[in-house]
Amino acid sequence: MASGRKKVSIVIRTYGCEDVQNILRQIEGQKEHGADIIEVILVNGKDSEDLLGVKSSYFPVIVRRITEASFSYGRSLNIGLDAASGDFVALLSGHSVPVNKMWLKGLLQPFSNGPMVVGVVGAQRAYPESVLIEKIYRYLWYGNRFLPILLDVFNATNACIRRSYWVCNRFDEVLSSCEDRVWAWQARQNGYSCKYTQEALVWHSHKEDTLGTIVSLTQLTQSAIGAYLRYRKGVLNGGARAK
């Protein structure tokens, strides 16, 4: 392992196998990122053993489990980060597949702006076979360089964080959703920075029909608004965390 290079762990939150093998193939093919991928950690939210045989000849694959009864998105992130040893930790969901070989380079580049950058979020694109409403939704959110910044978007579906900052600022394990957004809002409140880049792109889709997609996206939007309002109320009341 070359000295002076960034050490990167990759945490994939998944429910069973999903697209894990395809994700690993794309990670193995990453080029020119100036870093060493020292491990991939799979956090399985399904009570099964179906990930224990997953391996790579390029890096160790570590499997951690979280029971369905104790599951929260924040807890699964913290479990993965507890197992990570990299200076930077890239975060993916089990159905987010890097589009090209420059994904990791795109996620890491904004950290060169200095130690106050503690998080970077990448862009998402719906699969070509996705329903039209999902393609429009992801294009509206991630199709330009300014809207995600304006709306303080941060999504652990495709992101990277500085682990040294996370050690003292873990993800909220109580929130049912938007724990990633709240983490980034709190970081900004503390004077740190989270960046958005279109240079780190993933395919991302829940592969639902039109009605299911509308329901899912409506719930996601409502959760994001609710979490933001609760967070702002906590800040105004002097609280440090959204409840």
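A. Just the overall build of the protein, in detail. In terms of helices and strands, the protein carries 8 helices and 8 strands. Counting across all 243 residues of the protein, residues that qualify as buried make up 51%. Contacts in the protein between residues far apart in sequence, at least 24 positions, make up 76% of those at least 6 positions apart.

B. Molecular detail of the pairing of strand E2 (residues 35-44). Of all 10 residues making up E2, 10 are buried, and the element is well covered by its neighbours. Pairing of strand E1 (residues 6-14) with E2 involves 9 bridges; the strand directions are parallel. From the neighbouring strand, Arg-13 faces E2, where its bridge partner is Val-43. Summarising the sheet, E2 and strand E3 (residues 61-65) pair through 5 bridges and their orientation is parallel. What sits directly across from Leu-42, in E3, is Val-63.

C. Quick peek at the sheet that holds strand E8 (residues 193-204). Here we have 8 strands laid out as an open sheet, ordered E3-E2-E1-E4-E7-E6-E8-E5, and mixed in their pairing. Each edge of the open sheet is held by one strand with a lone partner, namely E3 and strand E5 (96-98). Sheet twist, expressed as the average angle between the axes of neighbouring strands with direction ignored, equals 30°. Direction of pairing for E5 relative to E8: antiparallel, over a ladder of 3 bridges. Its bridge partner lying in E8, Val-97 is registered against Trp-203.

D. Geometry of a nonpolar patch on the surface. A contiguous nonpolar patch, built from Leu-132, Ile-136, Tyr-139 and Leu-140 and spanning about 450 Å² of accessible area, is present on the exposed surface. Structurally, the position occupied by Leu-132 is in helix H4 (residues 132-142). Taking relative accessible area as the criterion, Leu-132 reaches 60% and is therefore assigned exposed.

E. Geometry of helix H2 (residues 73-83). Burial in H2 covers these residues: Gly-74, Ser-76, Leu-77, Asn-78, Gly-80 and Leu-81. Those residues of H2 that are buried lie in contact with E1, E2, strand E4 (88-93), strand E7 (158-162), helix H6 (163-166) and helix H7 (179-189).

F. Representation of the pattern of salt bridges within the structure. Summed over all chains, the structure comprises 5 salt bridges. Note that Arg-5 and Asp-36 form a salt bridge whose closest N and O atoms lie 3.2 Å from each other. Of the two residues, Arg-5 is situated in the segment before E1 and Asp-36 in strand E2; the sequence distance between them amounts to 31 residues. Here Arg-5 falls in the partly exposed class, since its relative accessible area comes to 32%. According to the relative accessible area criterion, Asp-36 is buried, its value standing at 14%.

G. Up close: the nonpolar core. Counting residues in hydrophobic clusters, the biggest one holds 30 residues, and the most contacted among them are Ile-10, Ile-27 and Trp-103. Of all the secondary-structure elements, those providing two or more residues to this core are E1, helix H1 (20-28), E2, E4, helix H3 (103-108), strand E6 (117-125) and E8. Aside from chain neighbours lying at most four places away, what touches Trp-103 is Ile-10, Ile-27, Gln-30, Ala-90, Leu-92, Pro-98, Asn-158, Glu-199, Ala-200, Leu-201 and Val-202. Counting 27 residues, the second-largest nonpolar core is a separate cluster that includes Ile-66, Ala-156, Ala-159 and Trp-166.

H. Region of interest: the confidence of the model for the protein. Per-chain confidence: the protein averages 84 in pLDDT, with 79% of residues scoring 70 or above. Taken element by element, the predicted model of the protein shows its lowest mean pLDDT in helix H5 (residues 147-150) (63) and its highest in H6 (98). A low-confidence stretch, residues 236-243 (pLDDT under 50), is modelled with 12 contacts involving residues beyond four sequence positions or located in other chains.

I. Structural view of the packing of aromatic side chains. Counting across every chain of the model gives 7 aromatic pairs. Ring centres 5.8 Å apart and planes at 35° place the aromatic pair Phe-154 and Trp-183 in the tilted group. With Phe-154 in the loop between H5 and E7 and Trp-183 in helix H7, this pair connects stretches of sequence that are 29 residues apart. Accessibility assignment for this pair places Phe-154 and Trp-183 in one class, buried. Plain terms: the ring middles of Tyr-165 and Tyr-192 are 4.8 Å apart, the flat faces sit at 55° to each other, and that makes the pair tilted. One end of the pair, Tyr-165, is in helix H6; the other, Tyr-192, is in the loop between H7 and E8, and 27 residues separate them in sequence. For Tyr-165, a relative accessible area of 7% puts it in the buried group. Overall, Tyr-192 belongs to the partly exposed group, its relative accessible area being 29%. Ring pairs connect the aromatic residues Phe-154, Tyr-165, Phe-171, Trp-183 and Tyr-192, which therefore count as one cluster.

Here is what the cut-offs are and how they apply
Residues numbered from 1 in each chain as written. Predicted model: local features only at pLDDT ≥ 70, side-chain atom pairs only at ≥ 80, totals over all residues. Heavy atoms only, no water. Helix = DSSP H or I, 4+ residues; strand = E, 2+ residues; numbered from the N terminus. Buried < 20%, exposed > 50% of the residue type's maximum accessible area, 1.4 Å probe, protein only. Contact = heavy atoms within 4.5 Å. Pairing = 2+ DSSP bridges. Axes fitted to C-alpha atoms, helices over the stretch in contact; angles between N-to-C directions. Patch = residues over 30% accessible without salt bridge, like charges linked within 9 Å, V, L, I, M, F, W, Y side chains within 5 Å. Areas by Shrake-Rupley, 256 points an atom, 1.4 Å probe, with all protein chains shown as cover. Salt bridge = Lys/Arg side-chain N within 4 Å of Asp/Glu carboxyl O. Core = buried A, V, L, I, M, F, W, Y, C linked by side-chain atoms within 4.5 Å. pLDDT = per-residue confidence, 0-100. Phe/Tyr/Trp six-rings, centres within 6.5 Å; stacked < 30°, edge-to-face > 60°.

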